[in-house]
Amino acid sequence: MAAPKHNGKKPVSSFVRSFARLREDLEAARSHDPAARGSVENFFVYSGLHAIWFHRLTHRMWANPGLRFPARLLSQFARLVTGIEIHPGATVGRRFFIDHGMGVVIGETAQIGDDVMIYHGVTLGGRSLAKIKRHPTIGDRVTIGSGAKVLGPITIGADSAIGANAVVVKDAPAESIITGVPARWRHRDARRESAPAVDPAEYIDPAMYI
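These numbers were taken from a predicted model, which means no experiment stands behind them.

Caption draft 1: Spotlight on the overall build of the protein. When its secondary structure is counted, the protein shows five helices and 15 strands. For the protein, buried positions account for 40% of its 210 residues. Considering only residue pairs separated by 6 or more positions, the protein has 32% of its internal contacts joining residues 24 or more positions apart. Accessible area for the protein stands at about 12,100 Å²; split by element, carbon and sulfur atoms hold 59% of it.

This is the structure:
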């Protein structure tokens, strides 16, 4: 029997991949939070990281129909200990970071890209009871301010920022600033072309979302 073909590269074990992802998460936390004092402390005390790690496990379980009930039980336990509810069916990208975390809700069909950051009280919710795609799609490198509600099967383009307490129910293109109730978007370039005076209510600094 002929030996199986391979490309000369050794397969990477799931343990090595998981460890690399964990380190990546810890580095993301340190880069996003000026209060972070070190990865060891963050590992033990950051509820946002704990919620994401629980979700990674429950999401894998959710892919197996026979494990969906225990996946839901585990996700509810994660909600109990972290104050953050992420449905096992939600898809979450790499280097996702939840700062503070309490009161965050992410629905079943939500899709979150890479390098996304959200603050406490954020809801990625639905506006329909139909069993369809009913939650938002969040592009890469989006920041969502505290208390913001992003509702329905809408798409938020990459490199956008959603202001605190905004209620977003419509699509927004890449590189948007999204504020208000109901929220409206404007391009970041439009801000740079406006008057030189800085309005503190619109200045986009992630620290102001807290």
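Caption draft 2: Summary view of the sheet that holds strand β5 (residues 111–112). In space, the four strands of this open sheet follow the order β2-β5-β8-β11, with parallel pairing throughout. The outermost strands of the open sheet, each flanked by one partner alone, are β2 (91–92) and β11 (155–156). Direction of pairing for strand β8 (residues 137–138) relative to β11: parallel, over a ladder of two bridges. Paired with Thr-137 across the strands is Thr-155, a residue of β11.

Caption draft 3: Representation of the packing of aromatic side chains. Tallied over the full model, the rule gives four aromatic pairs. On the numbers, 5.4 Å between centres and 40 degrees between planes, the contact of Phe-43 with Trp-53 is tilted. Separated by ten residues along the polypeptide, Phe-43 in helix α2 (residues 39–45) and Trp-53 in helix α3 (residues 47–62) bring together distant segments of the chain. Clustering of aromatic rings is evident, with ring pairs tying together Phe-43, Phe-44 and Trp-53.

Caption draft 4: Molecular detail of the pattern of salt bridges. As enumerated under the stated definition, the model contains nine salt bridges in all. Across the salt bridge formed by Glu-24 and Arg-94, the nearest N and O atoms sit 2.7 Å from each other. A residue pair is termed long-range when its members are at least 10 positions apart, and Glu-24 in helix α1 (residues 14–32) and Arg-94 in the loop between β2 and β3 (97–98) qualify at 70 residues. Since its relative accessible area comes to 15%, Glu-24 is described here as buried. The closest approach of N and O atoms between Arg-56 and Asp-25, which form a salt bridge, is 2.6 Å. One end of the pair, Arg-56, is in helix α3; the other, Asp-25, is in helix α1, with 31 residues separating them in the sequence. For Asp-25, a relative accessible area of 1% corresponds to the buried category. Sharing partners across several salt bridges, the network here consists of Arg-21, Glu-24, Arg-94, Arg-95 and Asp-115.

Caption draft 5: The arrangement of the sheet that holds strand β9 (residues 143–144) in detail. Pairing is mixed in the open sheet, where six strands are placed in the order β3-β6-β9-β12-β14-β15. Looking along the sheet, the strands with just one partner apiece sit at the ends: β3 and β15 (183–187). Pairing between β9 and strand β12 (residues 161–162): two bridges, direction parallel. Within β12, the residue paired with Ile-144 across the bridge is Ile-162.

Caption draft 6: Molecular detail of the side chain of Arg-134. Relative to the helices and strands, Arg-134 is located in the loop between β7 (123–125) and β8. Of note is the side chain of Arg-134, whose polar atom sits 2.9 Å from the side chain of Glu-108. Leave out the neighbours within four places in its chain, and Arg-134 touches Glu-108, Thr-109, Gly-125, Gly-126, Arg-127, Ser-128, Gly-152 and Pro-153.

Caption draft 7: The arrangement of the confidence of the model for the protein in detail. The share of residues in the protein with pLDDT of 70 or more is 83%, and the mean pLDDT across the chain is 86. Throughout residues 191–201 the model reports pLDDT below 50, and contacts reaching past four residues in sequence, or to other chains, amount to seven contacts.

Rules of the game
- Residues numbered from 1 in each chain as written.
- Predicted model: local features only at pLDDT ≥ 70, side-chain atom pairs only at ≥ 80, totals over all residues.
- Heavy atoms only, no water.
- Helix = DSSP H or I, 4+ residues; strand = E, 2+ residues; numbered from the N terminus.
- Buried < 20%, exposed > 50% of the residue type's maximum accessible area, 1.4 Å probe, protein only.
- Contact = heavy atoms within 4.5 Å.
- Areas by Shrake-Rupley, 256 points an atom, 1.4 Å probe, with all protein chains shown as cover.
- Pairing = 2+ DSSP bridges.
- Phe/Tyr/Trp six-rings, centres within 6.5 Å; stacked < 30°, edge-to-face > 60°.
- Salt bridge = Lys/Arg side-chain N within 4 Å of Asp/Glu carboxyl O.
- Polar contact = N/O pair within 3.5 Å; in protein donor to acceptor, adjacent residues only side chain to side chain.
- pLDDT = per-residue confidence, 0-100.

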